[in-house]
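Geometric and topological summary
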Amino acid sequence: MSSPRTRSPAVAPSGTVRGDLRDLERAENFPVALRLLPATLRQDLQAVYDVVRTIDDLGDELPVSTEGGRTTALLDFADDLATVWTTGTPDRAVLGRLVPVVRRRALPPEPFQQLVRANLQDQRVTRYATFADLLDYCRLSAAPVGALVLHLFDAVDPQRRRLSDRVCAGLQVVEHLQDVGEDRRAGRVYLPTEDLAAFGVPEDDLDAGTASPALRRLVLHEADRVDDLLDAGGPLVASLHGWARPAVAGYLAGGRAAVDAVRRVDGDVLGQPARTRRRDVLAHLVRALAGGRR
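Residues numbered from 1 in each chain as written. Predicted model: local features only at pLDDT ≥ 70, side-chain atom pairs only at ≥ 80, totals over all residues. Heavy atoms only, no water.

**A look at the overall build of the protein**
Of regular secondary structure, the protein possesses 15 helices and zero strands. Residues counted as buried form 57% of the 294 residues belonging to the protein. For the protein, the accessible surface area stands at approximately 12,100 Å², while carbon and sulfur atoms represent 51% of it. (Helix = DSSP H or I, 4+ residues; strand = E, 2+ residues; numbered from the N terminus. Buried < 20%, exposed > 50% of the residue type's maximum accessible area, 1.4 Å probe, protein only. Areas by Shrake-Rupley, 256 points an atom, 1.4 Å probe, with all protein chains shown as cover.)

Next up, the structure:
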């Protein structure tokens with residue numbers, strides 16, 4: 001229930017995560033929830049996560065000098081991805097491992113296709129004019145992961161999808177807040193252009209070693225918006241049963257703890273890492289499972 005381009009899955013805010021589900025479990029945002037899942041669910045989540053991670057890496061990590069570039073690599077992957085639902089015999093091993101999960105869990109192709117489109121968009125769009133524009137991007141880059149999680153737990157319905165989309169947008173935006181400096185060095189700015197102007201923050205300020213007072217105020221303003229998005233997590237968790245409930249509560253707790261981290265550095269996400277603390281995740285996890293609000 002996190003975004004595909006997460007450097008910690010989602011996704012999850014806080015830190016860099018590469019590799020397999022064991023890495024995901026070690027991330028500060030997910031200390032408990034994934035370890036609780038039965039083996040079959042864990043394996044299926046692993047297979048989905050591997051594909052999400054591969055799409056993200058093609059769009060973010062593949063050297064731009066690679067023949068054909070990232071766009072060609074993503075389009076080639078999309079063609080192979082389509083065979084998961086047609087012939088069932090994709091060329092790539094990571095997609096081969098997805099085939100039985102798709103059949104067992106009746107996963108639709110659309111969320112994966114949207115993730116590819118999000119990464120294609122990353123190749124040509126590096127700024128978003130308004131917060132509404134950024135949320136539109138999150139509908140491609142983050143919401144599909146939440147949809148896949150709900151499908152894995154056989155918990156999809158229209159209301160849950162709407163709530164999940166808001167939670168996933170919150171997870172994506174708080175990750176951008178934690179990674180303002182890293183994104184800037186990659187040539188991307190996810191702080192909305194109109195907000196930069198409203199708070200008097202020139203883009204050059206994002207290159208500094210510490211955040212200016214104006215940038216801090218802007219980051220904390222966006223953190224408040226994330227809180228509003230994550231408020232959808234309360235009714236979402238309350239509507240779930242079985243293993244879906246602690247798993248989704250874990251994602252929500254990770255997002256809440258990431259907001260805590262941004263506030264703990266007083267919005268200075270350039271001067272020091274806004275690291276999520278395990279004890280904050282656990283506290284928010286307990287609160288989410290108990291039906292409490294922020």
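Okay, back to it.
**Here's the deal with the nonpolar core**
Within soluble globular proteins, side chains that are nonpolar tend to cluster in buried spots. Counting 89 residues, the largest nonpolar core has Val 48, Leu 98, Phe 153, Leu 191 and Leu 215 as its most contacted members. Once residues within four sequence positions are removed from consideration, Leu 191 is found in contact with Tyr 128, Leu 177, Val 180, Leu 196, Leu 206, Leu 215, Leu 218 and Glu 222. (Core = buried A, V, L, I, M, F, W, Y, C linked by side-chain atoms within 4.5 Å. Contact = heavy atoms within 4.5 Å.)

**Section: the packing of aromatic side chains**
Counted according to the given criterion, the structure contains four aromatic pairs. Relative to Tyr 190, the ring of Tyr 128 has its centre 6.1 Å away and its plane inclined at 20°; by these criteria the two rings are stacked. Of the two residues, Tyr 128 is situated in the loop between helix H6 (110–122) and helix H7 (131–141) and Tyr 190 in the loop between helix H10 (180–185) and helix H11 (193–198); the sequence distance between them amounts to 62 residues. Of the two residues, Tyr 128 and Tyr 190, both sit in the buried class. Taking NZ or CZ as reference, Arg 225 lies 4.2 Å from the ring centre of Phe 131, over its face. (Phe/Tyr/Trp six-rings, centres within 6.5 Å; stacked < 30°, edge-to-face > 60°. Lys NZ or Arg CZ within 6 Å of the ring centre and 35° of its normal.)

**Side note on the pattern of salt bridges**
Inspection of the entire model under this criterion finds 24 salt bridges. When the shortest N-O distance is used, the salt bridge between Arg 105 and Asp 44 registers 2.7 Å. With Arg 105 in helix H5 (residues 99–105) and Asp 44 in helix H2 (residues 39–60), the pair connects residues that are 61 residues apart, well separated along the chain. The buried category is assigned to Asp 44, whose relative accessible area is 1%. With a shortest N-O distance of 3.3 Å, Asp 268 and Arg 216 are connected by a salt bridge. On the criterion of sequence distance, the pair formed by Asp 268 in the loop between helix H14 (244–264) and helix H15 (278–289) and Arg 216 in helix H12 (residues 213–230) is long-range, its members being 52 residues apart. (Salt bridge = Lys/Arg side-chain N within 4 Å of Asp/Glu carboxyl O.)

**Quick look at the environment of Gly 291**
Take Gly 291: it is sitting in the segment after H15. Distance from Gly 291 to Gly 233, taken between C-alpha atoms, is 9.8 Å for residues 58 residues apart in sequence.

**So, the confidence of the model for the protein**
Looking at the protein, the pLDDT average stands at 89 and 86% of residues meet or exceed 70. Long-range and interchain partners of residues 3–31, a stretch whose pLDDT sits below 50, account for 111 contacts in this model, where long-range means more than four residues apart. (pLDDT = per-residue confidence, 0-100.)

**So, helix H8 (residues 143–152)**
Of all 10 residues that make up H8, nine are buried, and the element is covered over most of its length. Among all positions in H8, only Ala 143, Pro 144, Val 145, Gly 146, Ala 147, Leu 148, Val 149, Leu 150 and Leu 152 are buried. Looking at the buried residues of H8, the elements they touch are H2, H5, H6, H7, helix H9 (158–178) and H14.

**Overview of the environment of Pro 108**
As for its position among the elements, Pro 108 is in the loop between H5 and H6. Pro 108 sits 40 residues away from Leu 148 along the chain, and the two C-alpha atoms are 8.3 Å apart.

**Focus on H12**
Its 18 residues give H12 an end-to-end C-alpha distance of 26 Å, which sits within 8% of 26 Å, the value for a rise of 1.5 Å per residue. Of all the residues in H12, the buried ones are Ala 214, Leu 215, Leu 218, Val 219, Glu 222, Ala 223, Val 226, Asp 227, Leu 229 and Leu 230. Contacts from the buried residues of H12 go to H7, H9, H11, helix H13 (233–239) and H14. (Expected span 1.5 Å × (residues − 1).)

**Brief notes about unusual backbone geometry**
With a phi angle near 50°, Asp 154 is a residue other than glycine that sits in the positive phi range. Positionally, Asp 154 belongs in the loop between H8 and H9. The phi angle at Asp 266 is positive, at roughly 55°, despite the residue not being glycine. Mapping Asp 266 onto the fold places it in the loop between H14 and H15. Its relative accessible area of 40% is what places Asp 266 among the partly exposed residues.

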